[in-house]
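# Structural overview for review
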Amino acid sequence: MAVKRASKKKRSFHQDLVLNRWLLGFFNGDNIQKLKVRLGEDRYEGLHEDGQSLFFHELTGNLFNIDRISEDELRRYDLNVVEHWKEITELRNTREGHVLHLKYFQYLALLFTEIYLDWYFNRKQQLLDGLNETLDQFHADEGQILFQRFTADDLNKIAFWNATGSGKTLLLHVNVKQYLHYFQAGRDSVYPDKIILITPNEGLSKQHLEEAQLSG
């Protein structure tokens, strides 16, 4: 009699996002869906009268991990995101006659970037240790070793995965501002020598140039 062996369950790409796991550890919710429940409503888009985002005020309602990040740090990250977003949307808002507000997923992408860049430039060893602790727990959960441990040389390479129509171009422009903000802090040189944007084809390069001009 033939015995049918159970096929090994195919791994999901989402299961292997160790950096994503580390970042989610800053919040009281172990996945994006739980944050969406609290932040995904339109009423949280826009700014509070104190200049902070409405997302920030919702996050301070027991949604971030105070053992990992202080409210003052979260406030600083939020103000950076607000400032950069205002700068790249100012011309667009004038031309289009309405204000572009961040969606919750855009805000989280930029907030995660703030955390990463702050730790990369100012707490690199803690970043490295935190990622490897997350990786160790990941391997313990999986019951097998799947990836090599992170080294310091790995930390200057990160990738963003955003859906079509999620405003990736605008987020990219904010990412550049975020990087420059942390790069120039405490340095004699204000900017790096160059920033190179590589696209799949000439048409997209032209599109990015036009979009960059719209972003000021």
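Before going further, it helps to examine the overall build of the protein. Scanning the protein from N- to C-terminus turns up 8 helices and 0 strands. In sequence order, the protein lays out its α and β elements as α-α-α-α-α-α-α-α. Principal-axis analysis of the C-alpha atoms gives the protein an extent of 75 × 45 × 40 Å. A total of 216 residues make up the protein; the buried ones form 36% of that total. Across the protein, contacts joining residues at least 24 apart in sequence account for 67% of those joining residues at least 6 apart.

What follows deals with unusual backbone geometry. With a phi angle near 65°, Asn62 is a residue other than glycine that sits in the positive phi range. Looking at where Asn62 falls in the secondary structure, it is placed in the loop between helix H3 (54–59) and helix H4 (71–96).

Following the sequence through the fold, Glu45 ends up in the loop between helix H2 (32–39) and H3. Those residues in contact with Glu45 that sit more than four places away from it in its chain are Leu54, Phe55, His101, Leu102 and Lys103.

Further remarks concern the packing of aromatic side chains. Scanning the model with the defined rule gives 12 aromatic pairs in all. When the ring of Phe27 is compared with that of Phe112, the centres are 5.8 Å apart and the planes differ by 40°; the resulting orientation is tilted. One end of the pair, Phe27, is in the loop between helix H1 (18–24) and H2; the other, Phe112, is in helix H5 (residues 104–122), with 85 residues separating them in the sequence. Of the two residues, Phe27 and Phe112, neither departs from the other in class, the shared state being buried.

With that out of the way, let us pick up the nonpolar core. Residues Trp22, Phe27, Leu59, Tyr107, Ile115 and Leu127 are the most contacted members of the largest nonpolar core, which totals 40 residues. Elements represented by at least two residues in this core include exactly H1, H2, H3, H4, H5, helix H6 (124–142) and helix H7 (168–184). By residue number, the principal contributor to this core is H5, which donates 12 residues. Here Leu127 is in contact with Trp22, Tyr116, Trp119, Tyr120 and Leu155, once residues within four sequence places are set aside.

Calculation notes
Residues numbered from 1 in each chain as written. Predicted model: local features only at pLDDT ≥ 70, side-chain atom pairs only at ≥ 80, totals over all residues. Heavy atoms only, no water. Helix = DSSP H or I, 4+ residues; strand = E, 2+ residues; numbered from the N terminus. Buried < 20%, exposed > 50% of the residue type's maximum accessible area, 1.4 Å probe, protein only. Contact = heavy atoms within 4.5 Å. Phe/Tyr/Trp six-rings, centres within 6.5 Å; stacked < 30°, edge-to-face > 60°. Core = buried A, V, L, I, M, F, W, Y, C linked by side-chain atoms within 4.5 Å.

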